[in-house]
2 protein chains.
Amino acid sequence: MHQIPQKPDWLNQVTIVGVGLLGGSVGMSLRRCGVTVHGYSRRPESCDIAIRVGAINRGFADLSEACDDSDVIVIASPVDRIAPLSSQVAEFTKPESVITDVGSTKAMIVDQVNQDPQVAKRFVAAHPIAGSEKSGVEYASATLFDGKCIIITPDDNTSQEHLSRAEQFWQLVGGRTVNLSPAEHDNCLASVSHLPHLVSSLLASNTDPKSAPLVGSGWKDMTRVAAGDPEMWTAICQHNRPAILDQLDAFSNHLQQLRDLLASGDDEKLQAWLQKAKETKQQIG
Amino acid sequence: MHQIPQKPDWLNQVTIVGVGLLGGSVGMSLRRCGVTVHGYSRRPESCDIAIRVGAINRGFADLSEACDDSDVIVIASPVDRIAPLSSQVAEFTKPESVITDVGSTKAMIVDQVNQDPQVAKRFVAAHPIAGSEKSGVEYASATLFDGKCIIITPDDNTSQEHLSRAEQFWQLVGGRTVNLSPAEHDNCLASVSHLPHLVSSLLASNTDPKSAPLVGSGWKDMTRVAAGDPEMWTAICQHNRPAILDQLDAFSNHLQQLRDLLASGDDEKLQAWLQKAKETKQQIG
């Protein structure tokens, strides 16, 4: 059982901007600890569902009302909306409140937020390594983040006070915080998440639907993430294009080497390669 | 709940040659229906475990004793051992008994078995689409094959009588039988299983172990099968080399097209491509 710290005194009310699977799960986590959670969505029915499933206490269709008096504001929108929403939110909130996010890319968001130093010092970029190919607050879970890695990517513009509060906040949500630079984050995630996602989509799109009765659990697991939201993943590709292209090129080279190894008939070497891949898999998790 | 047919009158005793995860699961399935199951392994401790977990009634270290009077013999060995074991088994068994297997490749095995027409007519090649990256009879399950596809690949040498019995047998184990030619099987499986397996190993081997704290459920699912047995997968690659090379080449071309699409910046087209992959995934399963 994951041990969750005590709620800090300064943290009483949080606003979730975008109550989907991730935003809703943040809300549920916080409500376990007695934090009051406001939800904002342009669509009133999203807030209604979020209240019904217990993700938020109150729903708002007006951003300034939703943010009023909150200590932390979590932007849980597609990555291309995070910087503009953070600027808006900054206008409606007290200077000590923390603005954070759940976006899968970081460098471009941090660059955009840095255009306005008043927003930049309060914005602590975060990426919880948790989620699902499903979307919608109806799939939210209070334990989604428990024990999971939450990457935080501060830079020179981030105030130490806000950074410290953001770390306390994400630990209260249930995660283990890890600090990286925005660029380190984007390079790592291109390797362990964005490339695998595109490979998953490639495997799915290459399969003849007539083979459907013949697919086993291996194919199903490898293509699970290909069912993710195309709009969200297009925005991730836009934000992290150079790092993803580098990963695609490296993967393509390794694929060619593997092809040549298989064609060579040196099956002892092939087995040693498979053995090494197995060990790396088992070492990583 | 999957509906399992009644045990046919002709089927009273089955021998499993190789009591690992797959062989053990076949044994457990059959014991649900009152079939007596003999297990053969060169290692006596494997039979001991198989008896303890309920996969077999009796264990043998002598192949002829294990097969004596059995109505079906299931060769559950790595693919490169299936044809030689089938020839041996044929010597020890009555002519009406069926010899079948669980190998992940079919054409080369059927070719090898066809060298001896007396074995060929009794050998009904089969491939249950079920399994795990784990190995060992301790992971066997009585329900592993329930409702799963069992591909059967008869050819002109297969006797109709033996084919019909093999179909009844695999349905009793719990599966839905589907008939394909050996070549059709190997081409399909190169696409939905062998290529995905190599891609999984590539993703695992390309990941820096330092990124371990940052991998999420997507990476874990996509690399699950990379933990499979390297010896078994090398044998599969040996058996189905040309079809796997074709699949690797096609995948490599599609990877290059995706790379060019991402580099072009035409993100509307990228989103449409991701949408299509998502639909194919959801259509297949």
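Residues numbered from 1 in each chain as written. Chains lettered and ligands numbered in written order. Predicted model: local features only at pLDDT ≥ 70, side-chain atom pairs only at ≥ 80, totals over all residues. Heavy atoms only, no water.

## A few points about the pairing of strand 5 (residues 98-101) of chain A
Residues and elements named next belong to chain A.
Inference 1: Here strand 5 shows no split at all, with Val98 and Thr100 on one side and Ile99 and Asp101 on the other all buried.
Inference 2: Relative to strand 5, strand 4 (residues 72-75) runs parallel, the two being bridged by four bridges. Counted as the bridge partner of Ile73 is Ile99 from strand 5.
Inference 3: Viewed along the sheet, the connection from strand 4 through helix 4 (residues 79-92) into strand 5 turns out right-handed.
Inference 4: When strand 5 meets strand 6 (residues 123-124), the two strands line up parallel, connected through two bridges. Across the sheet, Thr100 pairs through a bridge with Val124, a residue of strand 6. (Buried < 20%, exposed > 50% of the residue type's maximum accessible area, 1.4 Å probe, protein only. Helix = DSSP H or I, 4+ residues; strand = E, 2+ residues; numbered from the N terminus. Pairing = 2+ DSSP bridges. Right-handed = clockwise from strand over helix to strand, strands pointing away.)

## With respect to the relation of the copies chain A and chain B
Inference 1: Superposing chain A onto chain B takes a rotation of 180° combined with a translation of 0.0 Å along the rotation axis, leaving an RMSD of 0.0 Å. Classification of the inter-copy transformation places it as that of a two-fold axis. In terms of proximity to the rotation axis, the leading residue of chain A is A:Met222, whose C-alpha is 2.2 Å off the axis.
Inference 2: Both copies contact each other with a shared surface, as 99% of the interface residues of chain A are interface residues in chain B too. (Least-squares fit on C-alpha atoms with pLDDT ≥ 70 in both. Contact = heavy atoms within 4.5 Å.)

## Re the side chain of B:Lys278
Inference 1: Structurally, the position occupied by B:Lys278 is in helix 12 (residues 267-284).
Inference 2: Sequence-distant contacts of B:Lys278, that is, excluding residues within four places in its chain, are made with A:Ala226, A:Ala227, A:Gly228, A:Asp229 and A:Pro230.

## A look at the sheet that holds strand 9 (residues 176-179) of chain A
All names here are of chain A.
Inference 1: Strands sit in the order 7-8-9 across an open sheet of three strands; the sheet is mixed. Two strands in the sheet have a free side with no partner beyond their single neighbour: strand 7 (126-128) and strand 9. When strand polarity is set aside, the average angle formed by the axes of neighbouring strands in this sheet is 25°.
Inference 2: The pairing of strand 7 with strand 8 (residues 149-152) spans three bridges and is antiparallel. Paired with Pro128 across the two strands is Ile150, which belongs to strand 8. (Axes fitted to C-alpha atoms, helices over the stretch in contact; angles between N-to-C directions.)

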